[in-house]
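Chain residues, written in single-letter form:
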Amino acid sequence: MIEPSDTEQTPATTNLPATPGQTIGPFFEYALPYAKDGELVSQARPGALRLHGTVYDGQGDPIPDALLEIWQADEDGTIVQGTGSLRRDGYTFTGWGRESVDNVGCYAFTTVNPGGTAPGSAPFIAVVVFARGLQNKLHTRIYLPEDTEALAKDPVLAALPEDRRNTLIATREANGDLRWDVRLQGDRETVFLSFPGA
């Protein structure tokens, strides 16, 4: 280890800014994907559903190399605190998944409807989007469409203009699945959240 001499000045180390994130990708097969990475629960589990959609760029074209991660509570609103998110045994719900889009920008997770984490709160799924051209990841949320009273009280949705809120609310399909598309730019751009200091 080299130490500065008594005559050298050492720079102040307080309040140093964080270095920027790097553009994501390419995704190497050995690094990010793993078996059943988008399967938070088995398809055979009662209450299992498919959360799916497409990631679009600012021109409305699908992005073929994006990656999404989700975190969510279970059906009762319990946030899983245990370790072992990479374990996909078909029984254990860890509340976390990662899924690469296919060559036409589509993704799909097998999961459950999250419950509200507090009485009267709107259930949601936290999402992180990684894609080409992004200098850092993007954070957003997916809300369930049914509980309109809880949606109206949600502080995140309430802080948004009314015409932008629907970019965070999934569509329930006839079979119970959820459809939610990500638009990185453009007229219907998904609302992305910032976390100061993160």
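Quick caveat, the model's predicted, so the values are computed rather than measured.

Some points on the sheet that holds strand β5 (residues 124-130)
Part 1 of the reasoning: Judged by pairing direction, the sheet is antiparallel, and its four strands sit side by side in the order β3-β2-β5-β6 without closing on themselves. The sheet is open, and its two borders are formed by β3 (96-100) and β6 (138-143), each paired with just one other strand. Across the sheet, the axes of successive neighbouring strands diverge by a mean angle of 25°, strand direction being ignored.
Part 2 of the reasoning: Pairing analysis gives six bridges linking strand β2 (residues 67-72) to β5, with the strands arranged antiparallel. Within β5, the residue paired with E69 across the bridge is V128.

Thoughts on the layout of surface pockets
Part 1 of the reasoning: Here the largest pocket defines a volume of roughly 280 Å³.
Part 2 of the reasoning: Contributing to the lining of the largest pocket are 14 residues, with N166, T167, D181, R183 and R188 lying nearest its centre.
Part 3 of the reasoning: Looking at the lining of the largest pocket residue by residue, the classes come out as three nonpolar, four polar and seven charged.
Part 4 of the reasoning: Here the second largest pocket is characterised by a volume of approximately 190 Å³.
Part 5 of the reasoning: W71, Q72, A73, I79, V80, T94, G95, T117, F124, I125 and A126 are the residues that line the second largest pocket.
Part 6 of the reasoning: The element that contributes the greatest number of residues to the lining of the second largest pocket is β5, accounting for three residues.
Part 7 of the reasoning: By residue class, the composition of the lining of the second largest pocket is seven nonpolar, four polar and no charged.

Let's talk about empty space enclosed by the protein
Rolled over the atoms, a probe sized like a water molecule indicates the empty space that remains.
Part 1 of the reasoning: All chains considered together, the criterion is met by one cavity of 30 Å³ or more.
Part 2 of the reasoning: Roughly 60 Å³ of internal volume is contained in the largest cavity.
Part 3 of the reasoning: As for the largest cavity, its lining consists of E39, L40, V41, S42, R45, R87, R88, D89, G90, Y91, T92 and F93.

So, the environment of R165
Part 1 of the reasoning: With respect to the element layout, R165 can be found in helix α3 (residues 162-165).
Part 2 of the reasoning: For the pair R165 and T190, spaced 25 residues apart in the sequence, the C-alpha separation amounts to 9.0 Å.
Part 3 of the reasoning: Residues contacting R165, with those up to four places away along its chain left out, are L157, A158 and L160.
Part 4 of the reasoning: Polar contacts involving the side chain of R165 include one to the main-chain carbonyl oxygen of L160, which spans 3.1 Å.

Overview of the pairing of strand β1 (residues 49-56)
Part 1 of the reasoning: The element β1 is largely enclosed, with a buried count of seven among its eight residues.
Part 2 of the reasoning: Examined bridge by bridge, β1 and strand β4 (residues 106-111) share six bridges and lie antiparallel to one another. Each bridged residue has a counterpart across the sheet, and for T54 the counterpart in β4 is C106.
Part 3 of the reasoning: The pairing of β1 with strand β8 (residues 178-179) spans two bridges and is classified as parallel. Its bridge partner lying in β8, L51 is registered against L178.
Part 4 of the reasoning: Pairing of β1 with strand β9 (residues 182-183) involves two bridges; the strand directions are parallel.

As for the confidence of the model for the chain
Part 1 of the reasoning: This prediction gives the chain a mean pLDDT of 86; 82% of its residues lie at or above 70.
Part 2 of the reasoning: Confidence drops under a pLDDT of 50 for residues 1-10, and excluding neighbours within four residues, the segment shows one contact in the predicted structure.

Conventions used here
Sequence order as written defines residue numbering, which begins from 1 separately in each chain. Given that the model is predicted, a residue must reach a pLDDT of at least 70 before its local features are reported, and side-chain atom pairs must reach 80 or more before they are shown or counted; all residues, however, enter totals for whole chains, interfaces and linings. Based on all heavy atoms of the structure, the side-chain values leave hydrogens and waters out of the count. Pairs of strands are assigned from DSSP output, requiring at least two bridges between the strands. Put simply, DSSP H or I for four residues or longer makes a helix, DSSP E for two residues or longer makes a strand, and each gets a number counted from the N terminus. Inter-axis angles, ranging from 0 to 180 degrees, are taken between N-to-C directions of lines fitted to C-alpha atoms, where helices are fitted over the stretch in contact. Whether a set of points on the 1 Å grid over the protein atoms alone is a cavity depends on a 1.4 Å probe fitting there but being unable to get out, while an open set qualifies as a pocket with protein on both sides within 12 Å along at least five of seven lines; lining residues are those with an atom within 4 Å of a point. Grid points are joined across faces, edges and corners, and a volume is the space filled by probe spheres set on the points. Residues are grouped as follows: nonpolar covers Ala, Val, Leu, Ile, Met, Phe, Trp, Tyr, Cys and Pro; charged covers Asp, Glu, Lys and Arg; every other residue, Gly included, is treated as polar. Only heavy atoms matter for contacts: two residues are in contact if any of them lie within 4.5 Å across the pair. Whenever two N or O atoms come within 3.5 Å, that pair is a polar contact, provided that in protein one can donate a hydrogen and the other can accept it, and provided that, for residues adjacent in sequence, both atoms are side-chain atoms. Each residue's exposure class comes from its accessible area (1.4 Å probe, protein chains only) as a fraction of the maximum for that residue type: buried when under 20%, exposed when over 50%, partly exposed otherwise. Residue-level confidence of the predictor, termed pLDDT, takes values from 0 up to 100.

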